[in-house]
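Now for the letters of each chain:
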Amino acid sequence: MIKFGTDGWRARIADDFTFSNVRLVAKAIVNYIINAGQKEKGLVVGYDNRFLSKEYAEEAAAVAALNGLDVYLSEESLPSPVLSFAVKNKSAAGGIMITASHNPPEYNGIKFKAEYAGSALKEITNKIKKELKLLEGTEITKDLPKTNVKKENFKKAYVGNLKNIIDFESIKRSNAKVVFDPMHGSSSGYLGEILKEFKIEVTEVNSVPDPLFGGISPEPLPKNLEELISETKELGLKSPDDLVIGIALDGDGDRISAVDSSGMFINPHNVFSVLLKHLIENKKWSGEVVKTFNITRLIDKLCNKYDLKLHETPIGFKYICELMLQRDILIGGEESGGMGVKNHIPERDGVLCGLLLLEAQAMAKKSIGGIVKDLYREFGEYSYDRNDIHIGKDRGAEILSKLKESPPKDFCKKKVKDVRNLDGVKFVFADESWILFRASGTEPLLRIYAEGKNADDVEAMLAEGEKLVQGI
Ligand code: G16
């Protein structure tokens, strides 16, 4: 019943996600920490703005305190990367974050951030799963005393660190005008407040915490960003000479997408490409690059141009994190909008990436849309879209295994040049376009991702992909 997916455990509130199960998972994590000999380092606990997240966090904190750990519970809701940063800052054994991130409002979840301040790797979640198995049938007492849990504010230290990374003065001088959309999630009060501190003009939309997320899923996709798109466009018309940008973060602030002054959606592939160019050309940082299996070919082109080693991983930031722990990784990013950079934590961070985008615009003296157009001029256009189909887990697995066993020779009037199985099934075509079929690890969805040279090509591939899936 309790499964760790792409990042942590997620389940429907009051169905599987109950106080009793939260106590059980917290106890399994605590047992893992004790067995790892890290009890003395203590644990940090945080939560997002979802329904009962604060109460679930208090419960998890109480379980850890009862088992003799020093527990630091966040005073207020916070983005997941801020919780991860607190793990590093306090040299804690780990962090429990109550969040279901981008999932619909009826979900909640637990992400476990390990002592290195990033998502728990598979070997750790496997150990936690073993502990859970041992606890099977146990009921952890409710009404635990909450008095021996220390409340802390993790914001100051996190923001202080951002000031070491970001050149706020250059953003201020650039006449940046920002529209920020935290999607009613826990990054509200972060990006906006930080910018205001430096007197950078920012308008916030959807900033009031709402466990129903205004009726959408807090995933920064164009269909969920209507208000951000129209506000940014309006501001762009009013201030044609300024660097106007819209920035959206997901429900727990670890994913990003953006909008330019014309209302054009800047998807995570483009955000990743702009950041990579910025880190190399403007900040003069160096290192290797990691992309997940569903990221644009544009990253390959950029790495080739700058002579950077490129790694490719399955989907899930934990794979990028693993490489960040082992090697000198400059930047790692994924299609869902999770991106992390060096000199920080091995973790995706929407707040930091939003600030880096503003810095990129300031240093290039160009809007984000302008930077993306320059990239397209240099490397050709890359168009992208994704289609999520509601399909049960077993049916999804059956479809994927059929596609693996007998992939088509031709697809959408193109020859299939290569079939790749790093995560799901990917067909690659001679013109570099590709389509990927994969089961989500966070929701009961089959995702179809496609990249092509223009929007019509992508639309045709996605339509054909859906037909192929329905026919199996
Ligand atoms: C989670 C994971 C990400 C992953 C995303 C989508 O994001 O942490 O690494 O890219 O889900 O995964 P899937 O396609 O398996 O649903 P978040 O922001 O929800 O934690």
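Trainee: Give a description of helix H12 (residues 350-364) that names residues and reports values.
Mentor: Taking 1.5 Å as the rise per residue, H12 with 15 residues should run 21 Å; its terminal C-alpha atoms sit 21 Å apart, in good agreement. Once H12 finishes, Lys 365 follows within two positions and takes phi at roughly 50 degrees, a positive value.

Trainee: Let's hear about empty space enclosed by the protein: which residues, and what values?
Mentor: Under the defined criterion, the tally for this structure stands at three cavities of 30 Å³ or more. Estimates place the volume of the largest cavity at around 240 Å³. Along the walls of the largest cavity sit 23 residues, with Thr 6, His 102, Arg 255, Ser 336 and Thr 442 positioned nearest its centre. Along the lines of polarity and charge, the residues of the lining of the largest cavity split into three nonpolar, nine polar and 11 charged.

Trainee: Can you lay out the site of the ligand for me, pointing to particular residues and giving the numbers?
Mentor: Neighbouring the ligand are 21 residues; Thr 6, His 102, Arg 348, Gly 441 and Thr 442 lie closest to it. Ser 336 has a polar side-chain atom sitting 2.9 Å from an oxygen atom of the ligand. Within the side chain of Thr 442, a nitrogen or oxygen atom sits 2.4 Å from an oxygen atom of the ligand. Isolated, the ligand exposes 460 Å² of accessible area, and the fraction of that covered by the protein chains is 98%. Split by residue class, the shell around the ligand holds three nonpolar, eight polar and 10 charged.

Trainee: Which residues make up the sheet that holds strand E15 (residues 329-333), and what values go with them?
Mentor: The four strands are arranged E14-E13-E15-E16 in an open sheet whose pairing can be described as mixed. Here the strands that pair on one side only, and so sit at the sheet edges, are strand E14 (310-313) and strand E16 (339-341). Here the strands of the sheet are splayed against their neighbours by 15 degrees on average, with no regard to which way each runs. Sitting on the sheet, helix H9 (residues 268-282) touches strand E13 (288-292), E15 and E16, and the angle it makes with E15 is about 170 degrees.

Trainee: Quick one: what's the story with the layout of surface pockets, residue by residue and with numbers?
Mentor: By volume, the largest pocket amounts to about 1200 Å³. Residue lining of the largest pocket: 40 residues in total, with Gly 5, Lys 393, Ser 440, Gly 441 and Thr 442 positioned closest to the centre. The set of elements that each furnish at least two residues to the lining of the largest pocket consists of strand E1 (4-5), strand E2 (8-12), strand E6 (107-114), helix H4 (122-134), helix H11 (317-326), helix H14 (393-405), strand E21 (434-439) and strand E22 (445-452). Considering each element in turn, the lining of the largest pocket owes the most residues, five residues, to E2. For the lining of the largest pocket, the class distribution of residues is 17 nonpolar, 10 polar and 13 charged. By volume, the second largest pocket amounts to about 820 Å³. Lining the second largest pocket are 36 residues, and of these Leu 221, Pro 222, Phe 265, Asp 385 and Arg 386 sit closest to its centre. Secondary structure elements with two or more residues in the lining of the second largest pocket: strand E11 (256-260), H9, helix H13 (368-379) and strand E17 (383-390).

Trainee: Quick rundown of the packing of aromatic side chains? Include the residues and the values.
Mentor: Applying the stated criterion across every chain yields a total of 11 aromatic pairs. Residues Trp 9 and Phe 17 carry aromatic rings whose centres are separated by 4.7 Å and whose planes lie at 25 degrees to one another, so their mutual orientation is stacked. Phe 17 shares its class with Trp 9; the two are buried. Where Phe 17 meets Tyr 56, the ring centres are 4.8 Å apart and the plane angle is 85 degrees; that geometry is what we call edge-to-face. Of this pair, Phe 17 sits in the loop between E2 and helix H1 (19-35) while Tyr 56 is found in helix H2 (residues 53-66), placing the two residues 39 residues apart along the sequence. Exposure class is identical for Phe 17 and Tyr 56. Each is buried. It is Lys 90 that lies over the ring of Tyr 72; its NZ or CZ is 4.4 Å from the centre. Note that Lys 453 overlies the ring of Tyr 382, its terminal NZ or CZ placed 4.3 Å from the centroid.

Trainee: So what about the sheet that holds E1? Which residues, and what values?
Mentor: Strand order in the open sheet made by the seven strands is E1-E2-E6-E5-E3-E4-E7, with mixed pairing throughout. Each having just a single partner strand, E1 and strand E7 (150-152) make up the two edges of the open sheet. Inspection of the sheet shows strand E4 (residues 71-74) paired to E7 by three bridges, in the parallel sense. Paired with Ser 74 across the bridge in E7 is Glu 152. Lying on the sheet, H1 is in contact with E1, E2, strand E3 (43-47), strand E5 (94-98) and E6; it crosses E6 at an angle near 5 degrees.

Here is what the cut-offs are and how they apply
- Residues numbered from 1 in each chain as written.
- Predicted model: local features only at pLDDT ≥ 70, side-chain atom pairs only at ≥ 80, totals over all residues.
- Heavy atoms only, no water.
- Helix = DSSP H or I, 4+ residues; strand = E, 2+ residues; numbered from the N terminus.
- Expected span 1.5 Å × (residues − 1).
- 1 Å grid on protein atoms, 1.4 Å probe; cavity = no way out; pocket = protein on both sides within 12 Å on 5 of 7 lines; lining within 4 Å.
- Points joined across faces, edges and corners; volume = space filled by probe spheres on them.
- Nonpolar A, V, L, I, M, F, W, Y, C, P; charged D, E, K, R; others polar.
- Near = heavy atom within 4 Å.
- Polar contact = N/O pair within 3.5 Å; in protein donor to acceptor, adjacent residues only side chain to side chain.
- Areas by Shrake-Rupley, 256 points an atom, 1.4 Å probe, with all protein chains shown as cover.
- Pairing = 2+ DSSP bridges.
- Axes fitted to C-alpha atoms, helices over the stretch in contact; angles between N-to-C directions.
- Contact = heavy atoms within 4.5 Å.
- Phe/Tyr/Trp six-rings, centres within 6.5 Å; stacked < 30°, edge-to-face > 60°.
- Buried < 20%, exposed > 50% of the residue type's maximum accessible area, 1.4 Å probe, protein only.
- Lys NZ or Arg CZ within 6 Å of the ring centre and 35° of its normal.

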